[in-house]
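Read off the chains here:
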Amino acid sequence: MIYPDNASEKLGFTDIKALIKTKCLSEAGKELVEKIQPQKRVDQIDKFLRQAHEFKELLINDAPFPVDHLYPIKPLAEKARVEGTFLSESEFFSILLSLKTVFAILRYFNERNGTYPNLEALFEHLPIEKSIVSAIERVVDEKGNVRMDASPKLADTVAAIAKAELEARKRIDQVFRMAQQNGWTADGNLTIRDGRLCIPVHAESKRKIKGWIHDESATGQTAFIEPEEVFHLNNQVRDLEFERRREIVRILTALTDELRLHIPLLLDYHNLLTKVDFVRAKALFAIDIDGHMPELSKEASISLVNARHPLLLLNFKGSQQTVVPLNVTVDQTQRIIVVSGPNAGGKSVCMKTIGLLQLMAQAGLLIPADPASRLGVFNRIFADIGDDQSIESDLSTYSAHLSKMKYFSEHADAKTLILIDEFGTGTDPMFGGPIAEAVLEVFNQKEVRGVVTTHYSNLKMFASNTEGIENASMLFDNVAMRPLYILQTGKPGSSYAFEIAQKIGLNSAILQAAKQKIGAQQKRVDTLLVDLERDKKEVHDTKVSIAQKERQLARLKAENEQLQAYLEENKKTILKKAKDEAREIIRNANKLVENTISDIKASQADKHKTKQLRQQLEVELNKHTDQPAASVSKSKQNVPQGVSIEVGDWVKIPDTGSEAEVIGLSKNNLVLAMGELRMVKKRSEVEPVAKRNVAKASRKTYHASVSEDVANFKPEVDVRGMRTEAALNEIEKHLDKAVMMGFPSLKIIHGKGDGILRRFIRDYLRKYGEVERLEDEHPDRGGEGITYAYLS
């Protein structure tokens, strides 16, 4: 499918696979990555892309994925398959940990049934066989050692060993104390020699203790003796140790026989872990390059929107540089794109980006491009990049190019993508150009798709006059004399040879002589291309400016709609509140009247008491009648006649004593802003405020607000368990307050997991100029699960 064999390496696909392998946790996963190849079936490609996309969404937005242990199960299962063999306790422990990871993964997806359908297909109908785990846990403990109570005989043997060791220790301690009392021992305590506990004895006293001499000191003055009675006890311990080991082997053999029945299921579990590790690695790499899933098409076409070269993107991340996005279309109407322009202007990177992203997509990898990008499927991808001269094959640079052109022209068809860098170079341009043009004509007749880069004018002219072939150029700022790395289709580009030579300081006499040597027609064509390049740049800048204004207009429109919605919602809330208050007033009034009548009857209509009750009733009624009337009469006098209120003025709301800024006028209504709050008031309901008073009042209100916030605010935020977007919003609120209140740092608790949330938070914080540096918490107090953002 890919020709020649080194095309994948030259396009950067080999480097992509190497980077994905670093994300794998198991060797089996790395082996799968090494086998990645572009596919031809659309359904297969779609499945692989959807799996990677779902895993990426899982890692970013869902709870941490349980991949604590990924030990290889397959080689252990193959070992257990052979009759008579047994697995060691450490091998069983590895299987146990891997099975627990498998079951945790199965439970994870079962809890989210239907959320990740393409990932769930990896283990469809795979059961959770807990009997295997139970059987292993009966024999192996949590540290990977055989349990002492794995069988009654083993328990008895272990107890006998402990008893014999205790007896041997008591006996050697007795002999040691006796030897010390008699002055036979050398300086020091009991010591180990040849695996035996020995007493250090002076050489002249070694015949006074019966036993075996295991060693002597370098000077020969000290002998290390194991007493005779202790020797027999130690031999007994050793015999028991052999018996314990034989029992352990018997237990492990029986467990292996039990496990042998489940080998097919164990292999399925191994395949699941391998695939999960493989897809997880692809998803992690996609997060690093901001990869997305493109739309797939059965046609042989390419439509890339805001595409970036992944290797260039990763390289620029460290230096805080940005990659200029690429927008290009290859379809039935413009099958071959002929890219021209200055040297170092980005032609080769443009071509390699197209080829690499096509390979990645057909291999099931997410690509760093807009999700609106649309990619077809090619049966063959041919690339001619760089110098393939070979002394062994007697091939010069141009011969190597021609041999590839021969193969391309013979085997290419409408489902082939060709990528040719510096088309036609390597020989005399007078002959290389026409040959390249003839090959290009053959490609066009076969409806081949592709991208070629060139400096040859005849190829630019051929592309302009031939249907199916489209010129394109890399934009160049001929004022600042620097490339813009923006691809624009429709017109060819100049090589800017004279302009670049002039900028780097080549002698003007040489330049003048060179200009005189080229033909007048060629000079005129190049001048027209330069002028065209300038016009194209102006058009591009105008388009960018219009796009910015359109975005600004859309934002203002959205804000206006949001304000209208807020006002409408606020209006309903006020009306509801007023109705509730009216009901409460009526309810209280009825109760007041009933109580008054009851009191009058109780006092037997006493004249003085009745008058007092009527006055109380009048006071209660005036609370709800006199005050609004007074307020209305007062409000009518708030704005003096002849005093106008404009946008930007400050006014006071007498009902609340608050001050607000006028941000809009509508007939007799004012739109007011108090911080983030928006409201509508009539002109008669506000009073104008002098600017000097506003500043003073604002300062007072601000300092009061800050004092309250400082008292309640704590420079710490816990975002564990939150989705990425919610976590970043919460951090932004705390960061704004911390900066405003002058705190030196902000503590962010995000947990460890796969480190995805930590990476997103740190990338987000680096955009703030107020954040001076980021540090982890001390390992004893949370380590990488906590980030400190130090503020400048």
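Cut-offs used in this document
Residues numbered from 1 in each chain as written. Predicted model: local features only at pLDDT ≥ 70, side-chain atom pairs only at ≥ 80, totals over all residues. Heavy atoms only, no water. Helix = DSSP H or I, 4+ residues; strand = E, 2+ residues; numbered from the N terminus. Expected span 1.5 Å × (residues − 1). Pairing = 2+ DSSP bridges. Contact = heavy atoms within 4.5 Å. Axes fitted to C-alpha atoms, helices over the stretch in contact; angles between N-to-C directions. pLDDT = per-residue confidence, 0-100. Patch = residues over 30% accessible without salt bridge, like charges linked within 9 Å, V, L, I, M, F, W, Y side chains within 5 Å. Areas by Shrake-Rupley, 256 points an atom, 1.4 Å probe, with all protein chains shown as cover. Salt bridge = Lys/Arg side-chain N within 4 Å of Asp/Glu carboxyl O. Buried < 20%, exposed > 50% of the residue type's maximum accessible area, 1.4 Å probe, protein only. Core = buried A, V, L, I, M, F, W, Y, C linked by side-chain atoms within 4.5 Å. Polar contact = N/O pair within 3.5 Å; in protein donor to acceptor, adjacent residues only side chain to side chain. Phe/Tyr/Trp six-rings, centres within 6.5 Å; stacked < 30°, edge-to-face > 60°.

Here we take up helix H13 (residues 347-362). The α-helix winds at 3.6 residues per turn, so residues separated by three or four positions along the chain end up facing the same way. With 16 residues, H13 extends 23 Å between its outermost C-alpha atoms, agreeing within 8% with the 22 Å of an ideal straight helix rising 1.5 Å per residue. Note on H13: the residue one or two positions beyond its end, Gly364, has a positive phi of about 85°.

With respect to topology, four strands assemble into an open sheet ordered E6-E10-E7-E8, the strand pairing being mixed. Each end of this open sheet is capped by a strand with a single partner; those strands are strand E6 (295-296) and strand E8 (326-330). Sheet topology note: the E6/strand E10 (residues 374-375) ladder contains two bridges and is parallel. Among the inter-strand pairings, Leu296 is bridged to a residue of E10, identified as Leu375. Packed on one face of the sheet, H13 meets strand E7 (302-307), E8 and E10 and runs near 110° to E7.

Detailed conclusions should not be drawn from predicted coordinates in areas where pLDDT is low. Mean pLDDT over the protein: 83, with 85% of residues reaching 70 or higher. Between residues 626-637, whose pLDDT stays under 50, and residues either more than four places distant or in other chains, the model counts five contacts. Segment residues 692-707 is flagged for pLDDT under 50; beyond a separation of four residues in sequence, or across chains, it makes six contacts in the model.

Attention shifts here to a nonpolar patch on the surface. The grouping of Leu402, Met430, Phe431 and Ile435 at the surface amounts to a nonpolar patch, some 410 Å² of accessible area in total. Tracing the backbone through its elements, the reader meets Met430 in helix H15 (residues 429-445). Judged by its relative accessible area of 62%, Met430 falls in the exposed class.

Turning our attention to unusual backbone geometry. At the junction of Tyr3 and Pro4, the peptide bond is cis and its omega measures out at -10° in the coordinates. Unusually for a residue other than glycine, Asp290 sits at a positive phi of about 55°. As for its position among the elements, Asp290 is in the loop between helix H11 (263-288) and E6. With relative accessibility at 36%, the residue Asp290 sits in the partly exposed group. The phi torsion at Tyr485 lies on the positive side, around 60°, for a residue other than glycine. Within the secondary structure, Tyr485 is located in strand E15 (residues 482-489).

What follows deals with the sheet that holds E15. Pairing within the open sheet is mixed, and its seven strands lie in the order E1-E11-E12-E13-E9-E14-E15. Bordering the open sheet on either side are strand E1 (2-3) and E15, each of which pairs with just one other strand. Of the strands in this sheet, E1, strand E9 (334-340), strand E11 (380-384), strand E12 (416-420), strand E13 (449-453), strand E14 (468-477) and E15 touch H13, which is tilted by about 150° from E13. Across the sheet, H15 lies against E9, E12 and E14, angled at about 155° from E9, the strand it touches most.

This next bit is on the nonpolar core. Ranked by internal contacts, the top residues of the largest apolar core, which has 103 residues, are Phe65 and Met360. Broken down by element, the residue count for this core peaks at 15 residues, all from H11. In this view, Phe65 contacts Phe55, Leu58, Leu59, Ile105, Tyr108, Phe109, Val276 and Asp754; residues no more than four positions away in its chain are not counted.

For the rest of this paragraph, the subject is the pattern of salt bridges. Applying the stated rule across the entire model yields 33 salt bridges. Between Lys79 and Glu91 there is a salt bridge, with its nearest N and O atoms 3.0 Å apart. Highlighted residues: Lys79 in helix H5 (residues 74-81) and Glu91 in helix H6 (residues 89-111), separated in sequence by twelve residues. Classification of Lys79 as partly exposed rests on a relative accessible area of 34%. Glu111 is the salt-bridge partner of Arg112, the closest N and O atoms lying 3.5 Å from each other. One salt-bridge network, in which partners are shared between bridges, spans Lys23, Asp288 and Arg759.

Let's shift gears to the side chain of Arg196. Positionally, Arg196 belongs in strand E3 (residues 196-202). Within the structure, Arg196 has its side chain in polar contact with the side chain of Glu226 (distance 3.1 Å). Non-local contacts of Arg196, meaning those with residues more than four positions away in its chain, are made with Thr191, His214, Glu226, Phe231, Asn234, Asn235 and Arg238.

Another point: the packing of aromatic side chains. Taken as a whole and assessed by the stated rule, the structure comprises 15 aromatic pairs. Considering the side-chain rings of Tyr3 and Tyr407, the 3.7 Å spacing of their centres and the 15° angle between planes classify their relative orientation as stacked. With a gap of 404 residues between them, Tyr3 in strand E1 and Tyr407 in helix H14 (residues 397-411) connect regions that are remote in the sequence. Residue Tyr3 is classed as partly exposed on the basis of its relative accessible area of 25%. Judged by centre distance (6.2 Å) and plane angle (80°), the ring pair of Tyr3 and Phe408 falls under edge-to-face. Placement of Tyr3 in strand E1 and of Phe408 in helix H14 is noted, with a sequence separation of 405 residues between them.

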